[in-house]
Amino acid sequence: MSAPHEEKRIGRGVFLATVAGGIGSLAFGKSVWSHFSGAVSPIASTLAPFLPKGGWRIYTVTGSIPPFDRSTWRLDVGGLVDHPMTLSYDELRALPRVNQISTFHCVTGWTVKNVHWGGVRLSDLMDRVAPTSYAGAMQFLSAETPYIDYLSLPEARLHDVMLAYEMNGEPLRPEHGAPVRLVIPDMYGYKNVKWLKGINLVHEAGIGYWEALGYDRDAWVGRSNGYT
Ligand SMILES: Nc1nc2c(c(=O)[nH]1)N[C@H]1C(S)=C(S)[C@@H](COP(=O)(O)O)O[C@H]1N2
Ligand SMILES: [Mo]
């Protein structure tokens, strides 16, 4: 389990797997799917209901899915802001809702077209917390520690960036990041933090989880990570 996703891009549009994990990782990289290639383990049985479907591959860096309890879950939005907020799930759902249809790209080469998302505009949430003049970026914390990522404020304000709590007409599924994940269609999947539990306004963007392992900090689809 070495390089990001264990899938290397060799030349234009060609993907080969490293030999590390056999056929499981060939097909699914560092996804929960790879757990099915080996002996039955407690992790495999935990994740067994979550077979990828609809073209998705389910990724986690810990091999487990953070629990979600609707009554105790909170999203903390703070840092360099005038009005920090702690939102319960019901409070999140009560914010103005937006819907969009957008395409999702993982940097390892798979794409899911026309995903129907429902949720909250990130720019709307940003306006509510009122970043201070020193704030230049947002830090996104996953309940799946240590997954983390960042967007600059201009990136975070793009018109189709959202916190999604619904996917294809139903509440976001556990394996896709329930109860809420970041969605930024113009950037590769690794920026789309699942199991979001906190957002901090910070002075500048730091290095995200997969960026520390080699992916580009500029994650624009088709214009980074060796794609031209
Ligand atoms: N917390 C967390 N978020 C994550 C990841 C992860 O491993 N953990 N993987 C990222 C990557 S690389 C991709 S392509 C997408 C995959 O989304 P999916 O698991 O819903 O298919 O989630 C992103 N968000
Ligand atoms: Mo990805």
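Scroll up for the structure.
Residues numbered from 1 in each chain as written. Chains lettered and ligands numbered in written order. Predicted model: local features only at pLDDT ≥ 70, side-chain atom pairs only at ≥ 80, totals over all residues. Heavy atoms only, no water.

Caption draft 1: Main features of the site of ligand 1. Neighbouring ligand 1 are 21 residues, the closest being R57, E144, H176, R181 and K194. Y59 has a polar backbone atom sitting 3.0 Å from an oxygen atom of ligand 1. Look at ligand 1: alone it shows 530 Å² of surface, and the protein chains cover 100% of it. Considered class by class, the residues forming the shell around ligand 1 number 11 nonpolar, 6 polar and 4 charged. (Near = heavy atom within 4 Å. Polar contact = N/O pair within 3.5 Å; in protein donor to acceptor, adjacent residues only side chain to side chain. Areas by Shrake-Rupley, 256 points an atom, 1.4 Å probe, with all protein chains shown as cover. Nonpolar A, V, L, I, M, F, W, Y, C, P; charged D, E, K, R; others polar.)

Caption draft 2: Quick peek at unusual backbone geometry. Here the residue pair T145 and P146 is connected by a cis peptide bond, since its omega of 5° sits within 30 degrees of zero. If you trace the backbone, P146 turns up in the loop between β7 (137-142) and β8 (148-152). For N225, which is not a glycine, the phi torsion comes out positive at approximately 55°. Position of N225 among the secondary structure elements: in the segment after β12 (196-202). Overall, N225 belongs to the buried group, its relative accessible area being 14%. (Helix = DSSP H or I, 4+ residues; strand = E, 2+ residues; numbered from the N terminus. Buried < 20%, exposed > 50% of the residue type's maximum accessible area, 1.4 Å probe, protein only.)

Caption draft 3: Representation of the pairing of β7. Within β7, 5 of the 6 residues are buried, which leaves it mostly tucked inside the rest of the structure. Strand direction decides the pairing type here: β7 and β8, joined by 5 bridges, are antiparallel. Directly across from M138, in β8, lies its bridge partner L151. Taking the residues that link successive antiparallel strands as the turn, the β7-β8 hairpin has 5 residues. Relative to β12, β7 runs antiparallel, the two being bridged by 6 bridges. Bridge assignment links S142 to a residue of β12, and that residue is L196. (Pairing = 2+ DSSP bridges.)

Caption draft 4: Local environment of the pattern of salt bridges. By the definition in use, this model includes 8 salt bridges. A salt bridge links R70 to D90, with the nearest nitrogen and oxygen atoms 2.7 Å apart. Taken together, the positions of R70 in the loop between α2 (42-47) and β3 (74-79) and D90 in helix α3 (residues 89-94) put the pair 20 residues apart, joining distant regions of the chain. Classification of R70 by relative accessible area gives partly exposed; the value is 48%. Where K191 meets E211, a salt bridge forms, and the shortest distance between an N and an O atom there is 2.6 Å. Of this pair, K191 sits in the loop between β11 (181-183) and β12 while E211 sits in the segment after β12, placing them 20 residues apart in sequence. You'll find K191 and E211 in the same group, each marked buried. Overlapping salt bridges, with partners in common, bring together R93, R97 and E166 in one network. (Salt bridge = Lys/Arg side-chain N within 4 Å of Asp/Glu carboxyl O.)

Caption draft 5: Geometry of the side chain of D149. Tracing the chain through its elements places D149 in strand β8. Only 2.6 Å separates the side chain of D149 from the side chain of K191, close enough to count as a polar contact. When neighbours within four sequence positions are excluded, D149 is seen to be in contact with M138, Q139, F140, Y190, K191, V193, G208 and E211. (Contact = heavy atoms within 4.5 Å.)

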